[in-house]
Amino acid sequence: MATLLSLSLSLSLLLLFNGCLAHHQQQQFQSQNECQINRLNTIEPNTRIPSEAGTTEWWNPNTQQLSCAGVSVMRHNVEPNGLVLPSFTNAPQLVYIVQGRGIQGTVMPGCADTFQESTQSHGKFRDQHQKIRRFRQGDVIALPAGVVHWSYNDGNERLVTVNLLHTANSANQLDSNPRRFHLAGNPEEEQRRLRRFAQQQFQGSRSEREEVEQEEEEGEEDSRSRREQKSSSCSNLLCAFESEFLAQAFNVDTNIIRKLQEVRGHKGTIIRVRDRLDVVSPPRTEEEEREERQQEESRREHRRSGRDNGLEETFCAMRIKENIADPERADIFNPQAGRISTLNRFNLPILNALGLSAEMGVLRSRAGTVPQWCVNAHKILYMLRGNARIQVVNHNGDTVFDDNVEQGQLLTVPQNFAFMKRAGSEGAEWVSFFTNSEATNTPMAGRVSAIRALPEEVVAASYQISREDARKVKFNNQDTFFFTSSRAEA
Amino acid sequence: MATLLSLSLSLSLLLLFNGCLAHHQQQQFQSQNECQINRLNTIEPNTRIPSEAGTTEWWNPNTQQLSCAGVSVMRHNVEPNGLVLPSFTNAPQLVYIVQGRGIQGTVMPGCADTFQESTQSHGKFRDQHQKIRRFRQGDVIALPAGVVHWSYNDGNERLVTVNLLHTANSANQLDSNPRRFHLAGNPEEEQRRLRRFAQQQFQGSRSEREEVEQEEEEGEEDSRSRREQKSSSCSNLLCAFESEFLAQAFNVDTNIIRKLQEVRGHKGTIIRVRDRLDVVSPPRTEEEEREERQQEESRREHRRSGRDNGLEETFCAMRIKENIADPERADIFNPQAGRISTLNRFNLPILNALGLSAEMGVLRSRAGTVPQWCVNAHKILYMLRGNARIQVVNHNGDTVFDDNVEQGQLLTVPQNFAFMKRAGSEGAEWVSFFTNSEATNTPMAGRVSAIRALPEEVVAASYQISREDARKVKFNNQDTFFFTSSRAEA
Amino acid sequence: MATLLSLSLSLSLLLLFNGCLAHHQQQQFQSQNECQINRLNTIEPNTRIPSEAGTTEWWNPNTQQLSCAGVSVMRHNVEPNGLVLPSFTNAPQLVYIVQGRGIQGTVMPGCADTFQESTQSHGKFRDQHQKIRRFRQGDVIALPAGVVHWSYNDGNERLVTVNLLHTANSANQLDSNPRRFHLAGNPEEEQRRLRRFAQQQFQGSRSEREEVEQEEEEGEEDSRSRREQKSSSCSNLLCAFESEFLAQAFNVDTNIIRKLQEVRGHKGTIIRVRDRLDVVSPPRTEEEEREERQQEESRREHRRSGRDNGLEETFCAMRIKENIADPERADIFNPQAGRISTLNRFNLPILNALGLSAEMGVLRSRAGTVPQWCVNAHKILYMLRGNARIQVVNHNGDTVFDDNVEQGQLLTVPQNFAFMKRAGSEGAEWVSFFTNSEATNTPMAGRVSAIRALPEEVVAASYQISREDARKVKFNNQDTFFFTSSRAEA
């Protein structure tokens, strides 16, 4: 009986959640002139929250460009053996693994605990839990809003991730402030910083640079003094409930609940695991990954053919990550210029639900991407390696940005704003997040450009140039998205 | 010819409307910090509008919790033989029948008048009109925005309904103020109150408690004096048009129009019908209801199989209600603890279009539901009978609510906020509305919980407890959503 | 290799863009009381921007009614031989051809250049470009956000178009200000005016009438002085990029780029083409148009049958225009009263993506349309010819508009507001735009009205009239949407 109930429940939850994933609209909480951008700057995190085994850095979500794009961004820095404690956010996330590797768990509501421990080290008891996934540098992980996830650095180097939260997403029915709900640990410091961001937003103060410095100073001091005062505070979700209630809910002794609710020391939200965390997780091979993708493909094929059973029995096995750094994964490639890999709702279907997409790009020394604009999304670019000079132009024809973007810096290119970039002498590698599950760029030059789609006569008349010149403008760049400096001199 | 035209028109309207139902995004009009909730209170209606045969009570839509959830709530109290006059709202509604029974009509734009009077009591003329539905205690009725509906208490006891209006819904393209458009009657008093709410919102004043009291006092006095002054005002939609125009539009004598536009007395929007209203409405049996549901199911099956003809010929017969109070309808059931019935886009497809869902729950004495959060929706809970102690925790780990919710009180639990409840000694019965057509809850304890989905080692490391304790926390509660006090003591 | 790359790229872009079209939610940026409308006025453009071969007029987007509806409106007036230079907007557009004819190009991102010049007048080179479409009076053209379009008046009379921009559309992730991005020409004057609108909005000033006059005066003077000062400014997208960069991107000599970036004279955004623009464009016949529509229909049939290949190979050939002025195209027709043609997602599928629809209506002298409300959209009406008296009633039962709407004037009827109209002695012709891809109207009188769907007894009780009168009110108007003055007197 209980089994039946559980089955029907998990089925219903599955359906509920799955349905939820079917939505893919974006939502904006912007004030009326949030995107009247006359000047852009590269931005860096202005808040750094130390934990026992790493740090969490937040970009100020009130920065005009992030506010316009409706996103918040944070960066995790996790030491080997560090565990990012289970939490969830009020906005869907895209996580890019900048460096390192690890394992992670994402708790899909209503899905079965399909991973079973085989080791008998602790008696006859065999633990069961949901699927665990390996990840490595270059992976993008997609996390729905409200869904618990944790991760663990089981490698030998630091793990660095950049996390984009799309707070303007329709999946977030709360206001535009980023919120992280922690199931464990002591997130007090982070909560304090996020509260401050929310207050800033309320006051509408946008003198970013000033705040940044002030924040840094005050922040450090403030946090130090607080740490001394409140040595054993606890502010995760479990702590706030009455112990007795929880004892009933978990059907355990109140002593155990007290242990759950007691948080020792200032360990923050990334803790060091004493012995290595030894959980079941199948080894990841390229082979398997490819197989997974093929299955996904055939499932979609199946759905498309109209024989979908409505239960989406495959939901719990949905792919949530893909590596976009592998050179062989490139969607656009030019050996002289570089490559671009895109990740969107067509190759990672969960993005359909999240309303987000991403690209990873590599430019060789002095090569560039042609001027273009994104038709249907904001673009949030994070420079992974090297640097590039970027120009951004708004609807008034003003150059709102013309500078180098260096490693570790972030730049938002608002929807429809035109931009082009050229790598410096060391080349450039970047990841871009888009606020649409199928971001579309229109290049202005090259093979598939808007200019080439115009009749030669229209080009000539529009720019008041000769037919010959119009022809050159249309056809001289035979490339698609790239240009190389060598060619221009030719 | 006219028939053909009418057919093509109604077909086109049908299609139009049907398409409209295919949308299911939510929309938010929140100011930037609308959901920065540090403190929740139970709320009760603060405005009471008397009518000839009943009353209408509105909760203040400017209350922070309702404003964050993007909803307005009202309660109808209809005497036997009372008719709630035809009206429509700018937001989709879910109506829960708290008590009593009756009949209602919902005018689907473009659908045929499929009910025919058989009685020949008034000459040879046979009236025709759209489908009429019976409803009874425990029914949820789903009403799209902009669609006319009326209802009539044909029972012997008072009819009590709680109506949730989702003003933040994408179907509402007006601003976030709740609006009710009346086709008949004298809604002046209600209009005055709603105008005041809108003004309050504009002034941004949110000192709720103060307003509540002030409103009560001033309101009563004000309305009394107004009632004396304007004894025959008329402010429904028909009154405002020029009589001559209407005479042409209805092709009747101007005298008849004048009668339509004349509203006698202070009857408000719920009037007493002199003789019983004697309209055609088939008797409702459980049997028929079940049949209806099966048809719906098979229609969906049909659609799913890709043989949908695109005309959705069944739209006009779409089910818009379901009873969720029947114990046998329960989706989650535990004889010791209680039961929960859920209503969502899978068992009432019109909810797909409305972006709303509901649950009805019963807890036995001292039993409770485990701590959980709603992944993708706000939850608006109305206590039907008994009471329960509820705790709500926000992202900062603050307990924003810890109190009893008594019969007739409302409490909003914002999206992602964690909550648990335990019934008092008399047990508890509630209905909850959700701002998503497939609201998903993640329990923190029990069979399908987030904690159980985590590997034992992660639980142990996260809470710094032993593996044995972690195992107990994961597995001791074998139940799904419930706990019972007896067990905890065991 | 390059071909393959290009193919895969264009395929991927195609998919991306196509997916983008699948979204159809609306988005609102309204402040909290934007639609508390107590008074409506007809509005006319308050800003007139002269160009070499025509003018562009903008309605003030801060007008309460446009702001409530989330739209901006402009009107182009193009002389024979005038070319509206390539541009795109941050919002989807519906364009109605009020007068004249021409050709236009819409650059679908990623689609192939399928039109090939056959003339060999300029050497052996044969130009290729994307599809070009003919348009004529009565056409509606649907333009997605962010997509380049240009048009050319190849007729002998002035070309007049009214363009509706739905800035509140979810496709626009920028704020609610209308933005036009120009690929060529000197849009400086327009940019200055739009900036001023944005500032007004920011200041929240809404004293429209005042502004209008002030704007006119100041505007003229200001623009004159500016024109004299900055004689060769350039503020289109291409001008702002560095010449050297562009030379690399287009792989042409920097001299050519300088010509592109140099804008001579004050020609604005509509220029005169010296010789006639002689581009390939197949002649348009009624026959072909009908064929196109049938193909579209069969394609949809194909999709519906579940055999869609997911690539939507027909996307690049998607129909984006339809003529709704042809009398034979009418959806609702009454020889005594007039006709109405509707255009929605069912007969022009791209509207599904745009979330917009339209109707064209003709009323004979003194005939009218019955009182009705739009269930799910705002209605923006532009009077094409003649005039009509319109009454609009809000939720409070207040007549917020009761006046004549004359040729060239605009009036917004907010969602759910009731309205009726009667043509003057010369009759009336109008086009209405709706902020929903399947706008649905509920008439209050006539064959398919809300009143007729109510049981006679409910009508009698609601209005406290006799059963006989109720019957007349329900059944006397046998028409659907129209009434004629003659009849009322009968």
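The text that follows walks through the structure, step by step, so that each part is easy to find.

Conventions adopted
- Residues numbered from 1 in each chain as written.
- Chains lettered and ligands numbered in written order.
- Predicted model: local features only at pLDDT ≥ 70, side-chain atom pairs only at ≥ 80, totals over all residues.
- Heavy atoms only, no water.
- Helix = DSSP H or I, 4+ residues; strand = E, 2+ residues; numbered from the N terminus.
- Buried < 20%, exposed > 50% of the residue type's maximum accessible area, 1.4 Å probe, protein only.
- Contact = heavy atoms within 4.5 Å.
- Areas by Shrake-Rupley, 256 points an atom, 1.4 Å probe, with all protein chains shown as cover.
- Phe/Tyr/Trp six-rings, centres within 6.5 Å; stacked < 30°, edge-to-face > 60°.
- Lys NZ or Arg CZ within 6 Å of the ring centre and 35° of its normal.
- Pairing = 2+ DSSP bridges.
- Axes fitted to C-alpha atoms, helices over the stretch in contact; angles between N-to-C directions.
- Parallel < 35°, antiparallel > 145°, perpendicular 65-115°, else oblique.
- Left-handed = near helix turned anticlockwise from the far one by under 90°.
- Disulfide = S-S within 2.5 Å.

1. As for the overall build of chain A
When helices and strands are counted, chain A shows 13 helices and 25 strands. Counting over 490 residues, chain A shows a buried share of 68%. In chain A, the proportion of contacts linking residues at least 24 apart, taken out of those at least 6 apart, comes to 78%. Carbon and sulfur atoms provide 45% of the accessible area of chain A, an area that totals close to 16300 Å².

2. Describing the packing of aromatic side chains
This structure, assessed with the given rule, holds 13 aromatic pairs over all chains. Seen in terms of ring centroids, Phe88 of chain B and Phe181 of chain B are 4.9 Å apart; in terms of plane orientation they differ by 5 degrees. Their pairing is stacked. In this pair, Phe88 of chain B is assigned in strand β4 (residues 82-89) and Phe181 of chain B in strand β13 (residues 180-182), connecting sequence segments 93 residues apart. Side by side, Phe88 of chain B and Phe181 of chain B carry an identical accessibility label, which is buried. The rings of Phe88 and Phe181 of chain A together with Trp373 and Phe417 of chain B are connected pair by pair, giving a single aromatic cluster. Between the NZ or CZ atom of Lys421 of chain B and the centre of the ring of Trp430 of chain B, over which it lies, the distance is 4.1 Å.

3. Let's talk about the sheet that holds strand β12 (residues 159-165) of chain B
Residue and element names in this part refer to chain B. Strand order across the open sheet formed by seven strands is β1-β2-β3-β12-β5-β10-β15, with antiparallel pairing between neighbours. The sheet is open, and its two borders are formed by β1 (47-51) and β15 (321-323), each paired with just one other strand. Across the sheet, the mean angle separating the axes of adjacent strands is 20 degrees when strand polarity is ignored. Here strand β3 (residues 72-78) pairs with β12 via seven bridges, running antiparallel. Looking at β12, one finds that Ser72 is bridged to Leu165.

4. Points about the pairing of strand β20 (residues 379-393) of chain C
Residue and element names in this part refer to chain C. Taken across its 15 residues, β20 has 13 buried, putting it largely inside the fold. Note: β20 against strand β23 (residues 418-434), 13 bridges, orientation antiparallel. Along β23, the bridge assignment pairs Leu381 with Ser432. Of the pairings in the sheet, the one linking β20 to strand β21 (residues 399-406) comprises seven bridges and is antiparallel in character. Each residue of the ladder has a partner; that of Arg389, found in β21, is Asn404. Hairpin geometry of β20 and β21 is characterised by an intervening segment of five residues between the two adjacent antiparallel strands and by a positive phi of about 80 degrees at Gly397.

5. Thoughts on the packing of helix α10 (residues 456-463) of chain B against helix α11 (residues 467-475) of chain B
Residue and element names in this part refer to chain B. Relative to each other, α10 and α11 sit at 110 degrees, their axes nearing to 8 Å. With respect to α11, the element α10 is oriented roughly perpendicular. Viewed along their axes, α10 and α11 form a crossing whose handedness is right-handed. Every residue of α11 that contacts α10 at Glu456, Glu457, Val459 and Ala460 is listed here: Arg467, Ala470, Arg471 and Lys474.

6. What to know about the state of the cysteines
Note on terminology: disulfide describes a covalent bond linking the sulfur atoms of two cysteines. Throughout the structure, instances matching the rule amount to six disulfides over all chains. In this model, Cys111 of chain B is linked to Cys316 of chain B through a disulfide, with the two sulfur atoms separated by 2.0 Å. Judged by the sign of its S-S torsion, about -85 degrees, the bond between Cys111 of chain B and Cys316 of chain B is left-handed. With Cys111 of chain B in the loop between β6 (101-106) and β7 (115-116) and Cys316 of chain B in the loop between α7 (286-307) and β15, the pair connects residues that are 205 residues apart, well separated along the chain. Disulfide pairing is shown between Cys35 of chain C and Cys68 of chain C; the S-S distance is 2.0 Å.

7. Structural notes on helix α12 (residues 467-475) of chain A
Burial in α12 of chain A covers these residues: Asp469, Ala470, Arg471, Val473, Lys474 and Phe475 of chain A. Contacts from the buried residues of α12 of chain A go to α10 (450-453) and α11 (456-463) of chain A together with β8 (128-129), α6 (243-250) and α7 (254-261) of chain C.

8. As for the pairing of strand β19 (residues 368-374) of chain B
Look at any regular strand and the pattern is simple: side chains alternate between the two faces of the sheet. Residue and element names in this part refer to chain B. By the criterion of burial, β19 is predominantly enclosed, with seven of the seven residues buried. With four bridges joining them, β19 and strand β23 (residues 418-434) adopt antiparallel strand pairing. Note that in β23 the partner of Gly368 across the bridge is Arg422. Taken together, the two bridges between β19 and strand β25 (residues 482-483) define a ladder with antiparallel strand orientation. Looking across to β25, one finds that Thr369 is bridged to Phe482. One ladder, built from three bridges, connects β19 with strand β24 (residues 441-443); its direction is antiparallel. Opposite Trp373, over in β24, you have Thr442 as the bridge partner.

Bear in mind that shape data such as this cannot, by itself, settle questions of function.
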